[in-house]
Amino acid sequence: MPGDGGQNSEIDQFDQRILEVLSADGRISVTDLAVKIGLSKTPCQMRMKRLISEGYIQGFTAIINPSKLQLEHIAFAEVKLSNTQEEALQKFNAAVRKIKEVEECHMIAGRFDYLLKIRTRDIRRYREVLGERISNLPYVANTSTNVAMQTVKENGGGIAGRISGD
């Protein structure tokens, strides 16, 4: 089953190239993909389907321009929990997933427990999300905020440049 941690087949240079091209352009046609990687259409399509079924490709998505939606304010909240036993972590994880403004949530090994990337229209809305939602998540002891002044790199191809192990 994809994503279950089970055994996947080995990927070769063609599979790696498919992943690289698709991560840069998920809308490319199978015909154009086949040309770019040097295979005919049918084997390319079969490889792509296998990569999907084995979980190497988790899905395809559109990259939305946040400024067009007036969602340019990015803050990173460091969250320290009062309890880090498994049950507390699971409750926090389930609750944080429900906050639409939280784009990313990472458990961190360090001086705090979680790092959240929060996107809002402005600092006022961020303050509301922090005060009304994030601070009230299960087991939150305290938070600290860092505000992004400029985004230098975001969604920069993901792992595309690292697939081949270079």
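Residues numbered from 1 in each chain as written. Predicted model: local features only at pLDDT ≥ 70, side-chain atom pairs only at ≥ 80, totals over all residues. Heavy atoms only, no water.

**Comments concerning the confidence of the model for the protein chain**
Here the protein chain averages 90 in pLDDT, and 88% of its residues register 70 or above. This model gives residues 1-6 a pLDDT under 50, and the stretch forms 5 contacts once residues within four places in sequence are excluded. (pLDDT = per-residue confidence, 0-100. Contact = heavy atoms within 4.5 Å.)

**Points about the sheet that holds strand E2 (residues 102-107)**
The 4 strands are arranged E2-E3-E1-E4 in an open sheet whose pairing can be described as antiparallel. In this open sheet, the two strands that pair with only one neighbour each are E2 and strand E4 (140-147). If you compare each strand with its neighbour and ignore which way they point, the axes differ by 20° on average. (Pairing = 2+ DSSP bridges. Helix = DSSP H or I, 4+ residues; strand = E, 2+ residues; numbered from the N terminus. Axes fitted to C-alpha atoms, helices over the stretch in contact; angles between N-to-C directions.)

**Quick notes on helix H4 (residues 86-96)**
Buried residues of H4: Ala88, Leu89, Phe92, Asn93, Ala95 and Val96, and no others. Close packing links the buried residues of H4 with strand E1 (73-81), E2, strand E3 (114-120) and E4. (Buried < 20%, exposed > 50% of the residue type's maximum accessible area, 1.4 Å probe, protein only.)

**Some points on the side chain of Asp15**
Along the chain, Asp15 turns up in helix H1 (residues 13-24). Taking the relative accessible area as the measure of exposure, Asp15 reaches 0% and is therefore buried. If we ignore the near neighbours within four places in the chain, the residues touching Asp15 are Glu10, Arg47, Arg50 and Leu51.

**With respect to the nonpolar core**
A general feature of soluble globular proteins is that nonpolar side chains tend to end up buried together. By size, the foremost hydrophobic cluster in this structure holds 19 residues, and its most contacted members are Val79, Phe92, Leu116, Ile118, Ile134 and Leu137. Taken together, the elements giving at least two residues each to this core come down to E1, H4, E3 and helix H5 (123-134). Ile18, Leu19, Ala34 and Ile57 belong to the second-largest nonpolar core, a separate cluster that totals 13 residues. (Core = buried A, V, L, I, M, F, W, Y, C linked by side-chain atoms within 4.5 Å.)

**As for the environment of Phe14**
Along the chain, Phe14 falls in helix H1. Excluding residues within four positions of it along the chain, Phe14 makes contact with Ile37, Gly38, Leu39 and Arg47.

**Quick notes on the packing of H1 against helix H3 (residues 41-53)**
Direction vectors running N to C along H1 and H3 enclose 75°, while the axes themselves pass 10 Å from each other. Between H1 and H3, the angle is such that the two are roughly perpendicular. Residues Phe14, Asp15, Ile18, Leu19 and Leu22 of H1 form the contact with H3, whose own contacting residues are Cys44, Arg47, Met48, Arg50 and Leu51. When the residues that make up the contact of H1 with H3 are grouped by side-chain class, the tally is 7 nonpolar, no polar and 3 charged. (Parallel < 35°, antiparallel > 145°, perpendicular 65-115°, else oblique. Nonpolar A, V, L, I, M, F, W, Y, C, P; charged D, E, K, R; others polar.)

**Focus on the packing of helix H2 (residues 30-37) against H3**
For the pair H2 and H3, interaxial distance at closest approach is 9 Å and the crossing angle is 100°. Between H2 and H3, the angle falls in the class roughly perpendicular. On H3, the residues touching Val30, Thr31, Leu33, Ala34 and Ile37 of H2 are Lys41, Cys44, Gln45 and Met48. Its residues assigned to classes, the contact of H2 with H3 shows 6 nonpolar, 2 polar and 1 charged.

**Describing the pattern of salt bridges**
Summed over the entire model, instances satisfying the criterion amount to 14 salt bridges. A salt bridge links Arg47 to Asp15; the shortest N-O distance between them is 2.9 Å. On the criterion of sequence distance, the pair formed by Arg47 in helix H3 and Asp15 in helix H1 is long-range, its members being 32 residues apart. Note that Glu103 is salt-bridged to Arg119, the shortest N-O span being 2.6 Å. Residue Glu103 is located in strand E2, and its partner Arg119 is located in strand E3; the two are separated by 16 residues in the primary sequence. Glu103 gets classed as partly exposed once you look at its relative accessible area, which sits at 41%. (Salt bridge = Lys/Arg side-chain N within 4 Å of Asp/Glu carboxyl O.)

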